[in-house]
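Now for the letters of each chain:
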Amino acid sequence: MTDGIRDLIIIGSGPAGYTAGLYSARAMLKPLMFAGYMSGGQLMLTSDVENFPGYPSGVTGPEMMMHLREQAERFGLEVEDKNVESVDFSGRPFKVVVEGETFLSHSIVICTGAEAIWLGVEGEDAQKGRGISTCATCDGAFFKDEEVLVIGGGDSAMEEATFLTRFASKVTILHRRDTWRASKVMLDRARTHEKIEIRPFRQVVEWLSDDSGLTGAVLEDPRDGSREEISSTGAFIAIGHKPITAFLEGQVETDEEGYILHKEHSMTSVAGVFAAGDVVDTRYRQAITAAGMGCQAAMDAERWLEDNQH
Ligand SMILES: Cc1cc2nc3c(=O)[nH]c(=O)nc-3n(C[C@H](O)[C@H](O)[C@H](O)COP(=O)(O)OP(=O)(O)OC[C@H]3O[C@@H](n4cnc5c(N)ncnc54)[C@H](O)[C@@H]3O)c2cc1C
């Protein structure tokens, strides 16, 4: 840090942020992280993570995030559990505003992630991360030989449903219309799969559960309001994700959904501002891919600082 100007500020504390923190701290950049009020990110919501390398018996999400934080802090990552309110990347040093205070930095790594869009119906909050998931790759294996539901009508829903047939005995896709955003090839693959049933004009209006977890859902036909119950021990909501970029207010280029665009390796449209993890990733959305991108962003920031003599 020179004249109160940091070399690197990291925004966000999921796997991408902590990995960027670890690499940049080890590179002696003395990074400062604003972890957000929900420090630890999306994995704080999940009990079992079985696909992050290095944990042969699995690990809980919160425990893993604590390990990532401890490891980065050991090398000097400074963490503040606060939200960034706004940024100004129009000139250097960059400005980051947190609780009314302005912090200056020569470079920035944005790792603010994305959030899955939930249905928001009765009974959902209690079953999130238990019977109801937004990630088949993450949680599909917990539903071996069970009947599960997939909600959505796009490619993600078809992909999740097809993937789930590896574990589940039956997969029912529920969609509120009979028109599909999914590509024909993905829809056909789901339609012809022996384990998949597709039910259009069915929207979930309530989740049902007992002490053991999810037991099913109340479905409504939007055409006439008629209702029925369906039994299920697992449900996967695949109606989209929303990147957390509203606080950037157009300071870096994004796609129409708000995902930050990479321009050169992990650098954004603003030289010196980098982005990593789910906030740029419309495809993989995994802890390990976010961590990998966090590493790339830290290395790119380090090289950029060197080339720009900071
Ligand atoms: C229920 C659930 C289970 C999952 N299970 C698995 C699994 O088993 N395996 C797997 O690989 N993946 C799993 N995932 C996906 C995985 O969690 C994500 O891919 C990963 O967390 C993305 O990491 P990230 O660092 O990009 O962002 P996130 O983990 O989303 O972290 C973003 C961070 O940014 C912070 N932030 C946001 N806005 C601001 C702001 N304005 N200022 C400061 N900070 C801010 C947030 O507080 C948060 O700390 C799961 C996801 C969910 C929701």
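Residues numbered from 1 in each chain as written. Predicted model: local features only at pLDDT ≥ 70, side-chain atom pairs only at ≥ 80, totals over all residues. Heavy atoms only, no water.

Draft legend 1. Expanded view of the overall build of the protein. Looking only at helices and strands, the protein has seven helices and 17 strands in total. Computed over its C-alpha atoms, the radius of gyration of the protein comes to 21 Å, within 12% of the 19 Å expected for a compact globule of 310 residues. Counting only residues that meet the buried cut, the protein has 50% of its 310 residues in that class. Looking at the protein alone, contacts between residues at least 24 apart form 59% of all its contacts between residues at least 6 apart. For the protein, the exposed surface amounts to about 15,100 Å²; the carbon and sulfur share of it is 47%. Positive and negative side-chain charges in the protein, numbering 29 and 49 respectively, have mean positions lying 4 Å apart. (Helix = DSSP H or I, 4+ residues; strand = E, 2+ residues; numbered from the N terminus. Rg over C-alpha atoms; globule rule 2.2 N^0.38 Å. Buried < 20%, exposed > 50% of the residue type's maximum accessible area, 1.4 Å probe, protein only. Contact = heavy atoms within 4.5 Å. Areas by Shrake-Rupley, 256 points an atom, 1.4 Å probe, with all protein chains shown as cover. Lys, Arg positive; Asp, Glu negative; His and termini not counted. Charge placed at Lys NZ, Arg CZ, Asp CG, Glu CD.)

Draft legend 2. Representation of the packing of helix α1 (residues 15-26) against helix α7 (residues 287-307). Contact pair α1 / α7: the axes reach a minimum separation of 7 Å and the direction vectors enclose 35°. The handedness of the crossing between α1 and α7 is right-handed. Contact residues: Pro15, Ala16, Thr19, Ala20, Tyr23 and Ser24 in α1; Ala287, Ala290, Ala291, Gly294, Cys295, Ala298 and Met299 in α7. Split into classes, the residues belonging to the contact of α1 with α7 amount to 10 nonpolar, three polar and no charged. (Axes fitted to C-alpha atoms, helices over the stretch in contact; angles between N-to-C directions. Left-handed = near helix turned anticlockwise from the far one by under 90°. Nonpolar A, V, L, I, M, F, W, Y, C, P; charged D, E, K, R; others polar.)

Draft legend 3. Local environment of the domain arrangement of the protein. Taken domain by domain, the protein comprises domain 1 (5-115 + 241-307) and domain 2 (118-237). Taken together, the contacts link eight residues of domain 1 with seven residues of domain 2. Across the domain 1/domain 2 interface, buried area totals approximately 500 Å², and carbon plus sulfur atoms make up 43% of it. If you sort the residues of domain 1 by the area they bury against domain 2, Asp48, Glu50 and Gln286 come out on top, with a joint share of 48%. Counting the contacts that link domain 1 with domain 2 gives zero residue pairs in polar contact (both at pLDDT 80 or more). Across the side of domain 1 that touches domain 2, the residue classes tally to one nonpolar, five polar and two charged. (Domains from an automatic or database assignment. Buried area = accessible area lost by both parts, 1.4 Å probe. Polar contact = N/O pair within 3.5 Å; in protein donor to acceptor, adjacent residues only side chain to side chain.)

Draft legend 4. Quick look at the pattern of salt bridges. Taken as a whole and assessed by the stated rule, the structure comprises 17 salt bridges. Here Lys82 ties to Glu80 by a salt bridge, and the two come within 3.4 Å at their closest N and O atoms. By relative accessible area, which is 29% here, Lys82 ends up partly exposed. A residue is classified by how much of its surface remains accessible, and Glu80, at 25% relative accessible area, is partly exposed. (Salt bridge = Lys/Arg side-chain N within 4 Å of Asp/Glu carboxyl O.)

Draft legend 5. Geometry of α1. In this model α1 runs 16 Å from its N-terminal to its C-terminal C-alpha over 12 residues, within 8% of the 16 Å that 1.5 Å per residue would give. Of all 12 residues making up α1, 10 are buried, and the element is well covered by its neighbours. Taken together, the buried positions of α1 are occupied by Pro15, Ala16, Gly17, Tyr18, Thr19, Ala20, Gly21, Leu22, Ser24 and Ala25. Residues of α1 that are buried make contact with β1 (5-11), β2 (32-34), α2 (61-74), β6 (101-110) and α7. In the stretch just after α1, Met28 is the one whose phi turns positive, near 65°. (Expected span 1.5 Å × (residues − 1).)

Draft legend 6. Focus on the layout of surface pockets. The calculated volume of the second largest pocket comes to roughly 220 Å³. Lining the second largest pocket are 14 residues; nearest its centre among them are Leu119, Ile151, His175, Arg176 and Ile239. In terms of residue count, strand β12 (residues 203-210) provides more of the lining of the second largest pocket than any other element does, three residues in total. Considering only residue class, the lining of the second largest pocket consists of six nonpolar, four polar and four charged. (1 Å grid on protein atoms, 1.4 Å probe; cavity = no way out; pocket = protein on both sides within 12 Å on 5 of 7 lines; lining within 4 Å. Points joined across faces, edges and corners; volume = space filled by probe spheres on them.)

Draft legend 7. A nonpolar patch on the surface, seen in detail. On the surface, a cluster of nonpolar side chains totalling about 300 Å² of accessible area is made up of Met38, Met44 and Leu45. Assignment of secondary structure puts Met44 in the loop between β2 and α2. By relative accessible area, Met44 is classed as partly exposed at 34%. (Patch = residues over 30% accessible without salt bridge, like charges linked within 9 Å, V, L, I, M, F, W, Y side chains within 5 Å.)

Draft legend 8. Inspection of the site of the ligand at higher detail. For the ligand, the set of nearby residues contains 34 residues, the closest of which are Ser13, Asn51, Val84, Asp278 and Ala287. Interatomic distance of 2.9 Å between a backbone N/O atom of Ala16 and an oxygen atom of the ligand. For the ligand, the protein covers 95% of the area, taking 1,000 Å² as the surface of the free molecule. (Near = heavy atom within 4 Å.)

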